Structure formats: structure tokens, C-alpha cells
Amino acid sequence: MLAALATFSPAAASAVDVWVTHSTEKIQANASARTTAAAKIAAARNEFEAFQVVVTGSASNVRATATDLTGPGKIGNVRLYREALMNITSPSGADGAIGEFPDGLVPDVDETYGERRNAFPFTVPAGESRAIWVEVLVPADAAAGDYTGTVHVTWDGGAKDVPVTLTVWPFTLPSSASLKTAFGFTWGALNSAFGVSSLDDIAALRDLYNRFALDHRLTLSHIDDGGGNDMTHFASVYGPSIDGTAATHLPGAKMTAVEMMGDVGTWSPFFAQRGWSDRLFQYTCDEPPLTCAWSDIPTRAAAAHGANPSVRTLVTTTIQEATAQGVLSSIDILVPVINYLDDKSGSTFTGEQRGNYDSWLAGSAKRELWTYESCMSHGCGGGVNFGNPSASDLYFTGWPSYAIDATAVRNRALEWLSFRYHLTGELYYETVEAFRADPWTSQWAFGGNGDGTLFYPGTTARIGGSHPVPVASIRLKMIREGMEDYEYLKLLSDLGGEADAQAIAANLFPHAYDTAKSADDLFAARAQLAALIVKRSGGGGAGAIAGSGGAAGDGSSGIAAVGSVHAGSAGCGTGGGFGLAALLGLTGALRLRRRRSR
């Protein structure tokens, strides 16, 4: 009798758990089930926000659907993705990890053609977890307030509804990114990954990635499809993305930078005629003297300036190195690696270096200071001694990183640092580095996992459907989250709250090498920013404004975004009522809570 009762006990019957967490966490295959049952997120108008629904098995034939969100209006087109796992066998540096990490996001219905893909169904082995990415774009004209809906999850022998609450805040983010980006996309990657060869086929796919990137608030500036100096071809395919007339989900989104890929005498006049010169730059040299001699820089820069004085020249170096080599006057955009803007002790660049650039920047309106993250965020050579890490191993920890096995917060941190250091752009050398092999199985490069690869090739053989499409990584989503965080910081600054915005950013990330923070801390900072934006802009009627993005629940899920106030069932839209006035009052207390990881 006892054995029979145990067999039919509630614990035994509940072989499948369905739970919720925020977007800024990576749910590995070995994750244990949690009790968080409802999703509660918050966003501005014209902002993407996501959360994750996790199924802990064993479960077969798992599927999910989502309803529209209804409240003051209706917000539809809630998108679902299956999170594909990458087996990481070599960690990215001393703060990396091994195991099965989620990264590629296989769409249920793709955002390009609207075709059903093969995200569902999937199987969850016994004792393991698999996550579903749930994402919504708040329309630019959405009414502020609380919206509710449901994610319905089914599996063989069971089903569960996940309640969703979205709070829309009474302010709007721009479609075109305020922070310029120049991310690489080298010719040849699409040929290898998709088996295309003609100029028209390559250009059509390249344009899909271009528009896909704009919807992630990034610019793929390295437009090289084999067209060379055929500017008629260039304008017909890519002109809409530069003008802001391309078919994007963010209405009017524009590219913020375009690398000159052909003859300077052809590209510069053409861009001037089109009114695009403000975006055109010459990638004069990358990390000299590795890819060019220092003496090459003045000659190359003079050619660009001679053809069109408004064209900017870009070199990835520091002001100290450019000055020592006598090339500073030839450079319009200086791009030091993030390590050299605020380095750890014992380095030539120890401490904040931003002030060293002020005089040079003041010398011309054309001059800009950008940054980039590199394999210096995890160590370029690999081979960490985890049992007894060296000083060198430990140096490559805590930096912002685009590695698959870095935390989602570190993936999202660089844009906060760009605001902190008054930078106007970010560069990244490549986004499809692993396309020449199989990025779905490995992205190991330069001592890290995912270095140089942010997209996946959505071939029909891999994800189904009848058209190839771009597929996002979770890291790409985190960069977009960081870009949206930057918009919050900038909006508050533009409203007269520069000091508050800088203090919030510095409290969260006090140094460039101190980005290993919790998602709770990040969401708390977002909540502060949102409250101050609403207060300064005179906005109101936002309903029960809660933390900025996450799944409320038991406090372990991370929308304890404003500490323990917003947890359990007392969240927005549930009767608990964490209202706008309470959030505004909380900002002062949060400013005193300088929670820092050591």
C-alpha cells in the first residue's frame, strides 16, 4: 500500500516543471526547476523585452503558443524561440565555464518571412531543462499601463499556462540607435554557410542580415557582397537601410556607420551626393602595427580626406600610441580596446583614461572616441590553469564579453560603459567568424567561445521553412538590451539628469573590469533610470511600474529588480500594486545601495 501511494503521490505525478526567469540569464541543460510561475516584464514604447519559459523534464513533444497582450490596448505578435544548446568543452578564460549553454534562437515563426520553422516540438531529457525565449516589441504608439496575456505550454500528457504581465512605461525609445556601431560582416561567410555564389543571391541575403541587425539596434557596417564600386547596386540594395526606409520592425531604423569598401574617389562623392557622408568612414588601420605600418596611416587618411573632407578616418589604437607615432592628426575616430580605457593595476593604462582624450576631441567636431571588446576580455590564447590560475589568467576576468559562456550581464555591459566614458560608438571586428565551419556545433576562436560570431545561419536544412534567414544568438539579444539600456541613460541625461545617469551607471559598473554583476543589480539600475525619466518628463499613468524587464517570482528569478519589494505575487497588475510613486521614492534608497561584487 505504501509503495502504491508513493507511486501516485503528487511529487511523482509532477514529472514536468514549467517555470519562468528573466532574459538576462543563461539556462544551462543542468538547471534545476524553480517555483517562479508568472512572467512580469516592463518596457518603454518602441522597445523589445523578453523573458524565458523553462521546461524541466522529462517531457516529450513540447510546444508553446502565446496570446496577444491586452490592457489599455492590444500588443500582438509575441514571438517564441527554442533555445539551441552549444556544448562548451573549453572555457573562455578563467571566468568561463563548460557544459551545455543556450545560444542560438530557433524561431517558431521567423520575423523575416513569417514562415513556420522547427522550433517545436522538442524533447527534454529526464532531469534536464530546456528554455523557450519569449519576446515582445512594444509598439511606438502603445498606451502606457499594464497588459496581460498567456504563454501556453503543452507536452505529452500535460499542459501549463504561464501568466504574463507587461507594464508599458510612458516614454519612447528611438528606432535608430543613439550609440553608433560598426560591426563586421566579412565577404565569403554567406557563401560558405548558405551555399550561395551569385552577386544577387549574396546581396539579397546580406540585406536580410542588415535589416535583422537594425532590429537589434546594430549596424553591420562592412558591406562587402562582391559588388565593389558598383554604387548603383549598392544604393539599390542597401540604400533603404541607410535612409531609414528599409522593411524593419523598428520603424525608420537607420544604419549609423558605413565602412568605405571601394575606391575612395568613387565612394566618397557618391555618399556626398546622397547625403550619407555623416555615416561614411575609412577603416584606415586595425591595431597598428599588426595590420599596417604606422607610416601607412597618414597616406591612407590623406586619400580619404582629399576625396571628401567629411569622411572620417578610423584607427583602433590609443591616444598615447597615436601621439608617440606622430599620426594623431590623421585620425578622426580613435578606437581603443575597452581594457585601455580603464585598466587594472600594474598596466600602462591603469585607471580611467577618458580625460586624456578631451583636448584632442575638442580640436575638431569630426573627432570621436569609440571602443571595442576583444579576446582581451577572456584571454586570447586559451589554456587556463583552473587549479592554480596565473596572474595573467586572472587579468582576463571581469571584462565585458561576447563569449557564449560569459554571463548574460557581461554580454550586456559594454553599452553602459560607453555611456560612462562618454563614447559615441562601438566597433566589433566580425559577426560571422564561425560561418566557414558549423557555428551550430562550435564557435571556438581566439581562446574563446563565440569570439567574432553573433549570428547563426538559418538554413532551411537546419531550421525548416522555404527561405534562408538570419538567426540570432542570445548574445545578440543581450547587446540589443545593452543598446536599449544606453537609450535609457541618454534619455535621462537629455532631460537634465546627466549626473543621476552617470551615478547609476558608475554604481552598477564602477570599472570596465568589474562587470560580473547580478541581473538583480542591473534591473534595479534600470528601474531607477525609468523612474527618473518619468519624473523628469512629467509622464504619468504608467500603472504599477515595476522593474525593467524580468520574471517576477521568488526573488531568485531576477525581477526582484527593485530589491525584495517586487517579488512573489505582489507584483504589477496582480493587486500587489508596486506603483509609480513607490518607485520614485525608492530611487533615493537605491542610490545609497552601492552593491558591488568583489
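This text goes with the structure placed above it.
Residues numbered from 1 in each chain as written. Predicted model: local features only at pLDDT ≥ 70, side-chain atom pairs only at ≥ 80, totals over all residues. Heavy atoms only, no water.

Student: What's the story with unusual backbone geometry in this structure? I'm lost.
Tutor: The bulk of non-glycine residues show a negative phi, and the bulk of peptide bonds are trans. Note the cis peptide between F120 and P121, where omega equals -5 degrees. Residue position: P121 is located in the loop between β8 (99–107) and β9 (122–124). Here P288 and P289 are connected by a cis peptide whose omega angle stands at 5 degrees. One can find P289 in the loop between β15 (280–285) and α7 (296–307). (Helix = DSSP H or I, 4+ residues; strand = E, 2+ residues; numbered from the N terminus.)

Student: I keep staring at the nonpolar core and nothing clicks. Help me out?
Tutor: Soluble globular proteins tend to pack their nonpolar side chains together in the buried interior. Among the nonpolar cores identified, the biggest contains 90 residues, and F171, Y209, L334, W416, F455 and Y488 are the most heavily contacted of them. Among the elements that take part in this core, helix α14 (residues 474–508) stands out by supplying 11 residues, more than any other. Leave out the neighbours within four places in its chain, and Y209 touches F185, L190, F194, L220, F435, F455, Y456, P457, G458, V469 and P470. In this structure, V18, V78, V124 and V162 belong to the second largest nonpolar core, which totals 44 residues. (Core = buried A, V, L, I, M, F, W, Y, C linked by side-chain atoms within 4.5 Å. Buried < 20%, exposed > 50% of the residue type's maximum accessible area, 1.4 Å probe, protein only. Contact = heavy atoms within 4.5 Å.)

Student: Sorry if this is basic, but what is going on with the pairing of β15 here?
Tutor: Walk down a regular strand and you will see the side chains alternate between the two sheet faces. The buried count for β15 comes to 5 of 6 residues, which makes it a mostly enclosed element. Looking at chain direction, strand β14 (residues 258–259) and β15 are connected through 2 bridges and run parallel. Residue pairing for β15: V258 is matched across the bridge by L280. Following the backbone out of β14, through helix α6 (residues 264–274) and into the adjacent parallel β15, one traces a crossover that is right-handed. As judged from the 4 bridges shared by β15 and strand β16 (residues 312–315), these two strands associate in the parallel manner. Looking at β16, one finds that C285 is bridged to V315. (Pairing = 2+ DSSP bridges. Right-handed = clockwise from strand over helix to strand, strands pointing away.)

Student: Just to check I follow, could you spell out the sheet that holds strand β3 (residues 48–56) for this structure?
Tutor: Sheet strands line up and pair through hydrogen bonds in the backbone, either parallel or antiparallel. Pairing is antiparallel in the open sheet, where 5 strands are placed in the order β1-β3-β10-β7-β8. The sheet terminates laterally at β1 (17–22) and β8, the two strands that pair on one side only. Across the sheet, the mean angle from the axis of one strand to that of its neighbour is 30 degrees, orientation sign disregarded. One ladder, built from 6 bridges, connects β1 with β3; its direction is antiparallel. Looking at β3, one finds that W19 is bridged to V54. (Axes fitted to C-alpha atoms, helices over the stretch in contact; angles between N-to-C directions.)

Student: It is not clear to me how the state of the cysteines should be interpreted in this structure. Could you clarify?
Tutor: Such a bond, covalent and formed between the sulfur atoms of two cysteines, is termed a disulfide. Evaluation of the coordinates by the stated rule reveals 2 disulfides. Here C285 connects covalently by a disulfide to C292, the sulfurs 2.1 Å from one another. The S-S bond linking C285 to C292 shows a torsion near -120 degrees; that makes this disulfide left-handed. Of the residues examined, C285 reaches a relative accessible area of 2% and is grouped as buried. Classification of C292 as buried rests on a relative accessible area of 5%. Across the disulfide from C375 sits C380; the S-S distance is 1.9 Å. Residues C375 and C380 share a disulfide whose torsion about the S-S bond is about 85 degrees; that sign makes it right-handed. By relative accessible area, which is 15% here, C375 ends up buried. (Disulfide = S-S within 2.5 Å.)

Student: Got a minute to help me understand the pattern of salt bridges in this structure?
Tutor: Side-chain pairs of opposite charge can arise whenever the charged atoms involved come near each other. All chains considered together, the criterion is met by 26 salt bridges. Among the salt bridges present, the one from D110 reaches R117, with a minimum N-O distance of 3.0 Å. One exposure class covers both D110 and R117, and it is buried. When the shortest N-O distance is used, the salt bridge between E115 and R117 registers 3.2 Å. Note on E115: relative accessible area 14%, which makes it buried. Residues joined by salt bridges that share partners form a network here, namely E47, E49, R412, E481, D485 and R526. (Salt bridge = Lys/Arg side-chain N within 4 Å of Asp/Glu carboxyl O.)

Student: What exactly am I supposed to notice about helix α5 (residues 231–243) here?
Tutor: Because an α-helix packs 3.6 residues into every turn, residues spaced three or four apart end up facing the same way. An ideal rise of 1.5 Å per residue puts 18 Å on 13 residues; α5 reaches only 15 Å between its terminal C-alpha atoms. Maximal helix bending in α5 amounts to about 50 degrees, located at V237; proline P240 follows within four positions. In the core, the buried residues of α5 are packed alongside α4 (199–214), β14 and α6. Measuring from the backbone nitrogen of T232 back to the side-chain oxygen at the start of α5 gives 3.3 Å, which picks out D230 as the cap. G244 sits one or two residues past α5 and shows a positive phi near 90 degrees. (Expected span 1.5 Å × (residues − 1). Bend = angle between axes of the 7 residues up to and from the residue. Polar contact = N/O pair within 3.5 Å; in protein donor to acceptor, adjacent residues only side chain to side chain.)

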